[in-house]
Every structure is written in structure tokens, then in C-alpha cells.
Amino acid sequence: MKLTTAPIRPLVSLGVGLAMGATALLGAPGAAAAAPPEGAYWHSRSLTTLTHPWRFGSKSDSYALVQRRISETWQAPDGRTWYGYRELGALPKSAADRKAWQRDGSPSKWSESIDGKTVKLSATPAKGSMGPARDQNQFFLAGQNLTYDEVQRLPADPAALKDWLRRAGQVSRVPDYALDGWVAGTLPYLLHSLPVTKEVRAAAYQALLTMPGVRADGLAKDTLGRSGAVVLIDRTDKKTKSSARTRLIVDTGTMVLLSREQKALNDGKQVPGKEYTETLVKVGWTNDPPAVPALP
């Protein structure tokens, strides 16, 4: 079988293993019957807060702004997908930034940074939008297009799931040296973005903890006050000395991701403006139809 970068059928989950340059029967266990959907759509709603990379006000009294946005996804069992998006407006990042913003006259719109860069920021929430994804009739994971039944039959064993993802990465021509990081970056999506079984989400969580650069870091609360287990993911480019740290908070009761925070580092120091926090407000089945995201 010739390798390709295009999405392909997920042969591993059907009992066929993908190897570099060839396919081989694996004798995988028989697939269990897919659980019926528990609603009309698999739905997620997230609130993302991003630090703007530039500063505002005056050079002698500047302040940082954060941008906030709501994103929602609805996926029907036949793979049709809708996306909703709404900007919630910019606001000062910290208490100190708020004081500097007040000294700047408490503006509600910004068109230029202190370095003269053109921006278009507002403190007022936007109207938002919602629409279907074009030509989307399957679920997408690790370069593979999956049907609902195939999503339900993903491996519920941590080692088998990790192996499936590695081979999917090989088919997508992920370099061998980058495979571990690619798998570690893919596993968290199984905790919220696809209607997999709880057993598969548990396998994804357990597999993640075995990956290089990943470690558990106790318990913490997310921005909504929900408690969960902390997982840290560190990835470093040895050539450039740049790195990224991702901090996850996972509800280990439901095995659903609560929040994801990422920071960029350069030689161990945080890069200004290169950070965001995403809070998964809702994850699960719903019968409510797609709509423009409501304000929090």
C-alpha cells in the first residue's frame, strides 16, 4: 500500500494494521456493536481567552489586553458538522492593566498599539455567526476520516489506542522523531471533540500519562471552579530552544477535558502574548439545534 497524506479509511480499527509501506492483518479483537447516540448532536462549547501580543496606552504607561471568544461545535451521527463563533470583547488582562487602562481614559475600542501597529479591537461583544462545515460527512481524527460506528470502536486499551495513533501518524507521514509529540498532542482531543465512549476517553487519558514530556501535577480548579486532575505537557525544540507547555485539567469522573492552557517559552522564559486558556463549558450529547453562540 502506498503511503498518502490524504485522509484514508481507518484500517487499524477495522482489524487491519497500517505499517510503513505495507498493510498487515493484526488479528485485532472483534469490534463491539456501536452504542446508539444519546442525542441529536455531539456538542462542545468553549470559552477561550487569549493575551493580545501587543500593548496599548502609552509607552510610559502601557497595558495588556485579553480577547475572549465563545466557540461551539455540533456533530450529527452522520458526520455533518456545524460551527458557531462569537467574539466577547477585549478587556484589560490584570488589575494593574485595568488601572493603566483607566488612566488611558477607559477606551472601549482600540485601533493602534503603542508601537503603531493597526488593530481592530472592541470591548463590545460581536453578533456572532453559525454555519455548517462544507462537505463534512464524517468525523476526523489523526488524519483519518471515521464513521460514527468507527469512532465508537476505537481501541479502549491505552497501549492499543496509542499504537493506532502512531500508525495513523505514519500514514500521514509524521516524521519518526516527531511521532511521540504528535500522539501526545492528539490524545487530548479524544477527551472532548469526538463522541467516543467513556472507556476510550479513559484510555486516552491513561495513554497520555505514559508519553514522554507528560506528567501528572495534582489537582486544581478551572476558571469555572470545577475540580480536576492536572496534566502537564512539555514540548521543546532543541535547535531553537523554543518550547510550549500545555496544562490540562481533566474531570476523571466523566473523563472529559475541563480546560486547556498553553504558554510559549523561549530559552525557559515566557514569550509575551503567546498564551491562551480554553475552558470547555459543555461537552456531551444534546438535542438543541445549532445556533449562534449565546453570551455567557
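Residues numbered from 1 in each chain as written. Predicted model: local features only at pLDDT ≥ 70, side-chain atom pairs only at ≥ 80, totals over all residues. Heavy atoms only, no water.

## So, the pattern of salt bridges
Applying the stated rule across the entire model yields 14 salt bridges. Residue Asp-97 pairs with Arg-55 through a salt bridge whose shortest N-O separation is 3.7 Å. Here the residue Asp-97 occupies a position in helix 1 (residues 95–103), and Arg-55 occupies one in strand 3 (residues 41–58), the gap between them amounting to 42 residues. Given the relative accessible area of 9%, Asp-97 is considered buried. The exposure class assigned to Arg-55 is partly exposed, which follows from its relative accessible area of 36%. Arg-167 is paired through a salt bridge with Asp-163; the nearest N and O atoms lie 2.0 Å apart. Of this pair, Arg-167 and Asp-163 both sit in helix 3 (residues 158–171), separated by 4 residues, roughly a single helical turn. (Salt bridge = Lys/Arg side-chain N within 4 Å of Asp/Glu carboxyl O. Helix = DSSP H or I, 4+ residues; strand = E, 2+ residues; numbered from the N terminus. Buried < 20%, exposed > 50% of the residue type's maximum accessible area, 1.4 Å probe, protein only.)

## Considering the confidence of the model for the chain
The predicted model of the chain averages 88 in pLDDT, with 87% of residues at 70 or higher. Ranking the elements of the chain by mean pLDDT puts strand 2 (residues 22–25) last with 27 and helix 1 first with 98. (pLDDT = per-residue confidence, 0-100.)

## Some details on the nonpolar core
In this structure, Leu-141, Leu-154, Trp-164, Leu-187, Leu-190 and Leu-208 are the most contacted members of the largest nonpolar core, which totals 35 residues. Secondary structure elements with two or more residues in this core: strand 9 (139–141), helix 2 (148–152), helix 3, helix 4 (179–186), helix 5 (198–208), strand 12 (227–237) and strand 13 (242–251). Counting residues per element, this core draws most heavily on helix 5, which supplies 7 residues. Tyr-63, Trp-101, Val-119 and Leu-121 belong to the second-largest nonpolar core, a separate cluster that totals 9 residues. (Core = buried A, V, L, I, M, F, W, Y, C linked by side-chain atoms within 4.5 Å.)

## Section: the packing of aromatic side chains
This model, assessed by the stated rule, comprises 3 aromatic pairs. A ring pair is formed by Tyr-41 and Trp-82, whose centres lie 5.6 Å apart and whose planes are at 90 degrees; its orientation type is edge-to-face. Pair noted here: Tyr-41 is in strand 3 and Trp-82 is in strand 5 (residues 81–92), with a separation of 41 residues, a long-range link. No difference in accessibility class separates Tyr-41 from Trp-82, as the two residues are buried. Plain terms: the ring middles of Tyr-148 and Trp-285 are 6.3 Å apart, the flat faces sit at 65 degrees to each other, and that makes the pair edge-to-face. In this pair, Tyr-148 is assigned in helix 2 and Trp-285 in strand 15 (residues 269–286), connecting sequence segments 137 residues apart. Note on Tyr-148: relative accessible area 9%, which makes it buried. The positively charged end of Arg-260 is found above the aromatic ring belonging to Tyr-189, 5.1 Å away from the centroid. (Phe/Tyr/Trp six-rings, centres within 6.5 Å; stacked < 30°, edge-to-face > 60°. Lys NZ or Arg CZ within 6 Å of the ring centre and 35° of its normal.)

## A look at unusual backbone geometry
Even without a glycine there, the phi angle at Ser-106 is positive, about 50 degrees. Position of Ser-106 relative to the elements: it lies in the loop between helix 1 and strand 6 (109–112). A positive phi angle, near 60 degrees, is found at Met-255, a position not held by glycine. Along the chain, Met-255 turns up in the loop between strand 13 and strand 14 (256–266). Here Met-255 falls in the buried class, since its relative accessible area comes to 9%.

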